[in-house]
Amino acid sequence: QVQLVESGGGLVQPGGSLRLSCAASGSIFSINTMGWYRQAPGKQRELVATITTAGSTNYADSVKGQFTISRDNAKNTVYLQMNSLKPEDTAVYYCNLVQRNRLARRDEYWGQGTQVTVSS
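About the thresholds
- Residues numbered from 1 in each chain as written.
- Predicted model: local features only at pLDDT ≥ 70, side-chain atom pairs only at ≥ 80, totals over all residues.
- Heavy atoms only, no water.
- Salt bridge = Lys/Arg side-chain N within 4 Å of Asp/Glu carboxyl O.
- Buried < 20%, exposed > 50% of the residue type's maximum accessible area, 1.4 Å probe, protein only.
- Phe/Tyr/Trp six-rings, centres within 6.5 Å; stacked < 30°, edge-to-face > 60°.
- Helix = DSSP H or I, 4+ residues; strand = E, 2+ residues; numbered from the N terminus.
- Lys NZ or Arg CZ within 6 Å of the ring centre and 35° of its normal.
- Pairing = 2+ DSSP bridges.
- Core = buried A, V, L, I, M, F, W, Y, C linked by side-chain atoms within 4.5 Å.
- Contact = heavy atoms within 4.5 Å.
- Axes fitted to C-alpha atoms, helices over the stretch in contact; angles between N-to-C directions.

Peer 1: Please explain the pattern of salt bridges as it appears in this structure.
Peer 2: Once their charged atoms are close, side chains differing in charge can pair, the charge on each being opposite to the other. Scanning all chains against the criterion turns up four salt bridges. The partner of Arg38 in a salt bridge is Glu46, with the nearest N and O atoms 2.7 Å apart. Given the relative accessible area of 35%, Glu46 is considered partly exposed. Close ionic contact of Glu108 with Arg106 constitutes a salt bridge, the shortest N to O distance being 3.4 Å. With relative accessibility at 34%, the residue Glu108 sits in the partly exposed group. Taken together, the salt bridges that share partners define one network made up of Arg38, Glu46 and Asp89.

Peer 1: Got a minute to help me understand the packing of aromatic side chains in this structure?
Peer 2: Centre distance and the angle of the planes are the two values used to describe a pair of aromatic rings. Inspection of the entire model under this criterion finds one aromatic pair. Aromatic pair Tyr37 and Trp110: ring centres 5.1 Å apart, planes at 70°, arrangement edge-to-face. One end of the pair, Tyr37, is in strand S4 (residues 32–39); the other, Trp110, is in strand S10 (residues 106–110), with 73 residues separating them in the sequence. Positioned over the ring face of Tyr79 is Arg19, at 4.1 Å from the centre of the ring. In this structure, Arg45 packs its charged tip against the face of Trp110, placed 4.6 Å from the ring centre.

Peer 1: I keep staring at the pairing of strand S7 (residues 67–72) and nothing clicks. Help me out?
Peer 2: Consecutive side chains of a regular strand alternate in pointing toward one face of the sheet and then the other. Going residue by residue along S7, you find Phe67, Ile69 and Arg71 tucked away on one face and Thr68, Ser70 and Asp72 left uncovered on the opposite face. Looking at chain direction, S7 and strand S8 (residues 77–82) are connected through six bridges and run antiparallel. Its bridge partner being in S8, Thr68 is matched across the sheet by Gln81. Connecting S7 to the antiparallel partner S8 that follows it, the hairpin turn spans four residues, and Asn76 within it adopts a positive phi of roughly 50°.

Peer 1: What is the right way to read the nonpolar core from this model?
Peer 2: One recurring pattern in soluble globular proteins: nonpolar side chains tend to sit buried together. Counting residues in each nonpolar core, the largest one holds 29 residues, and the members touching the most others are Leu4, Trp36, Leu80, Met82 and Tyr93. Looking at this core, the elements with two or more residues in it are strand S1 (2–7), strand S3 (18–26), S4, strand S5 (46–52), S7, S8, strand S9 (91–100) and strand S11 (114–118). Not counting the four nearest positions on each side in its chain, Leu4 is found in contact with Cys22, Ala23, Ala24, Met34, Cys95, Asn96, Leu97, Tyr109, Trp110, Gly111 and Gln112.

Peer 1: Would you mind going over the sheet that holds S8 with me for this structure?
Peer 2: Judged by pairing direction, the sheet is antiparallel, and its four strands sit side by side in the order S1-S3-S8-S7 without closing on themselves. This sheet does not close on itself; its edge strands, each paired only once, are S1 and S7. Averaged over all adjacent pairs, the angle separating strand axes in this sheet is 15°, with direction ignored.

Below, the structure is given as structure tokens:
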């Protein structure tokens, strides 16, 4: 099992910045993909960004150039730097980890979510 613990959410004014962190613990394999998803009220959960252990990144078009994902493999921690925040970025942000287990089956884990509210 893998546990994911997010931190760094909160209330920020439009144009402000926040940095989310997600620390993973448990049975983590050396090759995995970590990422961030978000869910706004009344909407489906959507991809924000992902990053592999090799450092390959993928971003939703809506956050390219605004958000930056990074990770520290030694700490099994992923970060999301969010700049120039807009009210439409308001959502619960969820950390995600995907890896292949010893049977080569895909395992997926989610954090509990952290609220980000962008409002004046």
